[in-house]
Amino acid sequence: METNEFQNIWKNIDSEIKLKSKEELDHIFKVKSHKIINKFLFIFTIDLITCAGLIVFLIVTLINRPGDLIYQVNNSLLCLITTFAFFASLLSFNKLQNNEFNIPLKEWIEQRITLLTKWLLGKYSKSYIVLLPILVLMINLSIHVYYEYKPFIEVMKNKESIIGLLIGYPIGLLFSFYVINKIRKFELRNLEYLKELHQRLCNVD
């Protein structure tokens, strides 16, 4: 289905190429490339909002649990990791959004292809496989212990709480992996679309 949609898109572009002037073609490619980049920017925006929301929650819970040392350590580490992720996403957002109008469109697209390829297929692109189980566990503990209204140690001694954690953790982990895999497939598909757009732009030149 997705392949057919892309084929139809390129048929439309090819038909437009034959009928347009150089200036009009530049405009077509510029609009289409920006649409693709905006899809990535939208994902980064959701990521920034999610990180900001989690940071606020962690700060509030830290303030409300001043005497619970283990809970404080868990939430402090999680807050530190989330803050790092927030600024990393913000930096990526700015790099991707940065519009340098003094460079040719082809070079502008090349820069974004390089950035996106590094993020999606680079050395650390699969690090989430290791980090996600740890982060989901820490978040699960933070939320579960906080809404039990008991110290961390007491919650861990409660049989019903342990059962709740054992049920909630794998469900949350599977859901997280599912969402991330769907997002990655969406991003990789749009990266390939951007590469093909760049190739066609080169052919036109």
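Throughout this document, residue positions are counted from 1 along each chain, in the order its sequence is written. In view of the model being predicted, local features appear only for residues whose pLDDT reaches at least 70, and side-chain atom pairs are presented and counted only at 80 or more, with totals across whole chains, interfaces and linings using the full set of residues. Side-chain measures here rest on the full set of heavy atoms in the structure, leaving out hydrogens and waters.

Student: Hey, could you go over the packing of aromatic side chains for me, with residue numbers and the actual values?
Tutor: For Phe, Tyr and Trp, rings pair up if their centres lie within 6.5 Å, where Trp contributes its six-membered ring, and each pair is then called stacked (planes under 30 degrees apart), edge-to-face (over 60) or tilted (otherwise). Per the stated rule, a full pass over the model turns up six aromatic pairs. Between the aromatic rings of Phe86 and Phe87, the centroid separation amounts to 5.5 Å while the plane-to-plane angle is 85°, which identifies the pairing as edge-to-face. Note on exposure labels: buried denotes an accessible area under 20% of the residue type's maximum, exposed denotes more than 50%, and partly exposed covers the range between, all computed with a 1.4 Å probe on protein chains only. Given a relative accessible area of 21%, Phe86 falls into the partly exposed group. Judged by centre distance (6.5 Å) and plane angle (90°), the ring pair of Tyr147 and Tyr149 falls under edge-to-face. Taken together, the ring pairs connect Phe57, Tyr146, Tyr147 and Tyr149 into an aromatic cluster. Here the guanidinium or amino end of Arg65 rests over the ring plane of Tyr71, the centre of that ring lying 5.2 Å away. Definition used: whenever NZ (Lys) or CZ (Arg) falls within 6 Å of the ring centre and also within 35 degrees of the ring normal, the charge is taken to sit over that ring.

Student: Let's hear about a nonpolar patch on the surface: which residues, and what values?
Tutor: Like charges are joined within 9 Å and nonpolar side chains (Val, Leu, Ile, Met, Phe, Trp, Tyr) within 5 Å, but only among residues with over 30% relative accessible area and no salt bridge; these make up the patches. Surface accessibility in these figures is a Shrake-Rupley result with a 1.4 Å probe; residues are shielded only by whichever protein chains are displayed. Any Lys or Arg side-chain nitrogen located within 4 Å of an Asp or Glu carboxyl oxygen qualifies as a salt bridge. Together, Phe175, Tyr178, Val179 and Ile183 give the surface a local cluster of nonpolar side chains, amounting to about 390 Å² of exposed area. Secondary structure elements are taken from DSSP: a helix is a run of H or I of four residues or more, a strand is a run of E of two residues or more, and numbering for both begins at the N terminus. Tracing the sequence through the fold places Ile183 in helix α7 (residues 159–204). Residue classification places Ile183 among the partly exposed residues on the basis of a relative accessible area of 33%.

Student: How would you summarise the packing of helix α3 (residues 69–97) against helix α4 (residues 105–121) if you had to cite specific residues and measurements?
Tutor: Axis lines are fitted to C-alpha atoms, over the contacting stretch for helices. Their N-to-C directions set the angle, which ranges from 0 to 180 degrees. Put simply, α3 and α4 touch, their axes get as near as 10 Å, and they point 155° apart. The angle between α3 and α4 falls in the class roughly antiparallel. Classified by chirality, the crossing of α4 by α3 is left-handed. Across from Ser92, Lys95, Leu96 and Gln97 in α3, the residues of α4 making contact are Arg112, Leu115, Leu116 and Trp119. Charged means Asp, Glu, Lys or Arg here, nonpolar means Ala, Val, Leu, Ile, Met, Phe, Trp, Tyr, Cys or Pro, and polar covers whatever is left, Gly included. Across the contact of α3 with α4, the residue classes break down as four nonpolar, two polar and two charged. Should an angle fall under 35 degrees it is taken as roughly parallel, and over 145 as roughly antiparallel, whereas 65 to 115 is taken as roughly perpendicular and any remaining angle as oblique. Crossing handedness is read from the near helix: turned anticlockwise from the far helix by less than a right angle, it gives a left-handed crossing, and turned clockwise, a right-handed one. Residue contacts follow a heavy-atom distance rule, with two residues in contact if any of their heavy atoms lie within 4.5 Å.

Student: Describe the side chain of Ser176, naming the residues involved and giving the relevant values.
Tutor: With respect to the element layout, Ser176 can be found in helix α7. Excluding anything up to four places from it in sequence, Ser176 contacts Leu132 and Val136.

Student: Can you break down unusual backbone geometry residue by residue, with the values?
Tutor: Positive phi is not limited to glycine here, since Tyr149 has a value of about 55°. On the secondary structure map, Tyr149 appears in the loop between α5 (128–148) and α6 (152–157). On the accessibility criterion, Tyr149 (65% relative accessible area) is exposed.

Student: Would you mind going over the environment of Ala52 in detail, with residue names and values included?
Tutor: Looking at the secondary structure, you find Ala52 in helix α2 (residues 22–64). With 33 residues separating them in the primary sequence, Ala52 and Ala85 have C-alpha atoms 9.9 Å apart.

Student: Describe α4, and please don't skip the residues or the numbers.
Tutor: By this rule, a helix spans an expected 1.5 Å times one less than how many residues it contains. Over its 17 residues, α4 extends 23 Å from the first C-alpha to the last, a length consistent with the 24 Å expected when each residue adds 1.5 Å. Residues Leu105, Trp108, Ile109, Arg112, Ile113, Leu115, Leu116 and Leu120 constitute the buried set of α4.

Student: I'd like a description of the pattern of salt bridges, backed by residues and values.
Tutor: Overall, the coordinates contain three salt bridges when judged by the stated rule. The partner of Glu192 in a salt bridge is Lys195, and the shortest N-O contact between them spans 3.7 Å. Residue Glu192 and its partner Lys195 are both found in helix α7; the two are separated by three residues, about one turn of the helix. Residue Arg200 pairs with Glu196 through a salt bridge whose shortest N-O separation is 3.2 Å. Of this pair, Arg200 and Glu196 both sit in helix α7, four residues apart, which is roughly one turn of the helix.

Student: So what about the confidence of the model for the protein chain? Which residues, and what values?
Tutor: Taken as a whole, the protein chain shows an average pLDDT of 86; of its residues, 87% reach a score of 70 or greater. A residue's pLDDT is simply how confident the predictor is in it, with values from 0 to 100. The secondary-structure element of the protein chain with the lowest mean pLDDT is helix α1 (residues 2–19), recorded at 52, while α3 shows the highest, at 93.

Student: Any chance you could break down the nonpolar core for me, citing the residues and the numbers?
Tutor: Put simply, a nonpolar core is a bunch of buried Ala, Val, Leu, Ile, Met, Phe, Trp, Tyr and Cys residues held in one set by side-chain atoms that sit within 4.5 Å of each other. Counting 20 residues, the largest nonpolar core has Ile37, Leu96, Ile109, Leu116 and Leu194 as its most contacted members. Among all residues touching Leu194, those that are not within four sequence positions of it are Ser33, Ile36, Ile37, Ile109, Arg112, Ile113 and Leu116. Grouped together as the second largest cluster of nonpolar side chains are seven residues, Tyr71, Leu141, Val145 and Phe152 included.

Student: Describe the packing of α3 against α5, naming the residues involved and giving the relevant values.
Tutor: Contact geometry for α3 and α5: axes closest at 10 Å, N-to-C directions at 130°. As far as their axial angle goes, α5 and α3 are oblique. Here α3 runs over α5; the crossing is left-handed. Contacts between α3 and α5 involve Tyr71, Asn74, Asn75, Leu77, Leu78 and Ile81 from the former and Leu135, Met138, Ile139, Leu141, Ser142, Val145 and Tyr146 from the latter. Here the residues of the contact of α3 with α5 are counted per class, giving ten nonpolar, three polar and no charged.

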